[in-house]
Every structure is written in structure tokens, then in C-alpha cells.
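# Observations on the model geometry
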Amino acid sequence: ANLTAAEQHYIGGWSNIGPNNLFRAVLLHPSGRVHEAYDALFWMEADVVPIAPRWLDRLLEEAGARSYWRKGPAQQPTLQHDMVSTHHYHMNSVGLYRLG
């Protein structure tokens, strides 16, 4: 994605600037317009490991549906303390996005 060090900045749980910049750079990369070439995008960060058999077949099936703009698991912190804020309730690092 050719990001600078500042654009890659990430502090787990507190600053998501880096992952957000990477996501944006992939979608808007000058070598091609991803949203024009594809109907769906599966985003899976490098620290995610699929464990279910035939997960890719199931993903392709889900990608074919037209009734979504974003699908994926929501991060739901189980800890209840002052450091958990509404910022922590978001879709995590795996997602299927409708592009077309």
C-alpha cells in the first residue's frame, strides 16, 4: 500500500489509524479501481487464521448475496471497566464488503 511510517501507526485497541489507512489504500489504489472490478471484498488481517473446514466455499456463498453492505463479527469486549468505551464496539479485523 506504500504507506509512510506515520500512516501505519497502530496501538492495539486505542489507535486504529494504520489499519484504517491500509484499508483505504487498498480500495483506492491507483493501479486499479477495486470497486469497479469486483462485487465483493474479503478483508482478513494477517493475524487471523481460518479454522473451519470449507470456510472459503462458505465465504464465496455469502459473497454472492446482494442484501448486505458489510458482514463480519462485531468485537464485543467482555471486560467492564473504565477503559472499555463505545470505540471498542466495532466490526473486527475480518469482514466481507459489498463493492458493487
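### Quick notes on the pairing of strand S3 (residues 94-98)
- With five of its five residues buried, S3 lies for the most part within the structure.
- Residue alternation in S3 divides its side chains into two sets, Val-94, Leu-96 and Arg-98 and Gly-95 and Tyr-97, and both sets are buried.
- One ladder, built from five bridges, connects strand S1 (residues 40-44) with S3; its direction is antiparallel. The residue of S3 that forms the bridge with Ala-40 is Arg-98.
- Summarising the sheet, strand S2 (residues 70-71) and S3 pair through two bridges and their orientation is antiparallel. In the sheet register, Arg-70 faces S3, and the bridge partner there is Tyr-97.

### Here we look at the side chain of Arg-98
- Along the polypeptide, Arg-98 turns up in strand S3.
- Salt bridges are absent for the buried Arg-98, whose nearest opposite-charge side chain, Asp-39, sits at 4.9 Å.
- A distance of 2.3 Å separates the side chain of Arg-98 from the backbone oxygen of Ala-65, its partner in a polar contact.
- Within the structure, Arg-98 has its side chain in polar contact with the side chain of Tyr-68 (distance 3.4 Å).

### Topic: the sheet that holds S1
- Spatial strand order, S1-S3-S2: three strands in an open sheet with antiparallel pairing. Edge strands, defined here as strands with exactly one partner in the open sheet, are S1 and S2.
- Lying over the sheet, helix H1 (residues 17-27) contacts S1 and S3, oriented at roughly 150° with respect to S1.
- Lying on the sheet, helix H3 (residues 55-63) is in contact with S1, S2 and S3; it crosses S3 at an angle near 30°.

### Focus on a nonpolar patch on the surface
- A cluster of nonpolar side chains, Met-44, Trp-55, Leu-56 and Leu-60, forms an exposed patch at the surface whose accessible area comes to about 380 Å².
- A per-element tally of the nonpolar patch places H3 first, with three residues.

### Details of the layout of surface pockets
- Its volume calculated, the second largest pocket comes out at about 180 Å³.
- Considering the residues around the second largest pocket, the lining is formed by 13 residues, among which Phe-42, Leu-59, Pro-73, Val-94 and Leu-96 are closest to the centre.
- Going through the elements one at a time, H3 and S3 are the ones with two or more residues in the lining of the second largest pocket.

### Overview of the confidence of the model for the protein chain
- Mean pLDDT over the protein chain: 78, with 74% of residues reaching 70 or higher.
- Here helix H2 (residues 34-37) stands out as the element of the protein chain with the lowest mean pLDDT, 76, in contrast to H3, whose mean of 92 is the highest.

### Side note on the pattern of salt bridges
- Here the structure, examined in full by the defined rule, presents four salt bridges.
- With a closest N to O distance of 2.7 Å, Arg-58 and Glu-62 form a salt bridge. With Arg-58 and Glu-62 both in helix H3 and four residues apart, the pair spans about one turn of that helix.
- The exposure class assigned to Glu-62 is partly exposed, which follows from its relative accessible area of 23%.
- Where salt bridges share partners, they join Arg-58, Glu-61, Glu-62 and Lys-71 into one cluster.

Procedures and definitions
- Residues numbered from 1 in each chain as written.
- Predicted model: local features only at pLDDT ≥ 70, side-chain atom pairs only at ≥ 80, totals over all residues.
- Heavy atoms only, no water.
- Buried < 20%, exposed > 50% of the residue type's maximum accessible area, 1.4 Å probe, protein only.
- Helix = DSSP H or I, 4+ residues; strand = E, 2+ residues; numbered from the N terminus.
- Pairing = 2+ DSSP bridges.
- Lys, Arg positive; Asp, Glu negative; His and termini not counted.
- Salt bridge = Lys/Arg side-chain N within 4 Å of Asp/Glu carboxyl O.
- Polar contact = N/O pair within 3.5 Å; in protein donor to acceptor, adjacent residues only side chain to side chain.
- Contact = heavy atoms within 4.5 Å.
- Axes fitted to C-alpha atoms, helices over the stretch in contact; angles between N-to-C directions.
- Patch = residues over 30% accessible without salt bridge, like charges linked within 9 Å, V, L, I, M, F, W, Y side chains within 5 Å.
- Areas by Shrake-Rupley, 256 points an atom, 1.4 Å probe, with all protein chains shown as cover.
- 1 Å grid on protein atoms, 1.4 Å probe; cavity = no way out; pocket = protein on both sides within 12 Å on 5 of 7 lines; lining within 4 Å.
- Points joined across faces, edges and corners; volume = space filled by probe spheres on them.
- pLDDT = per-residue confidence, 0-100.

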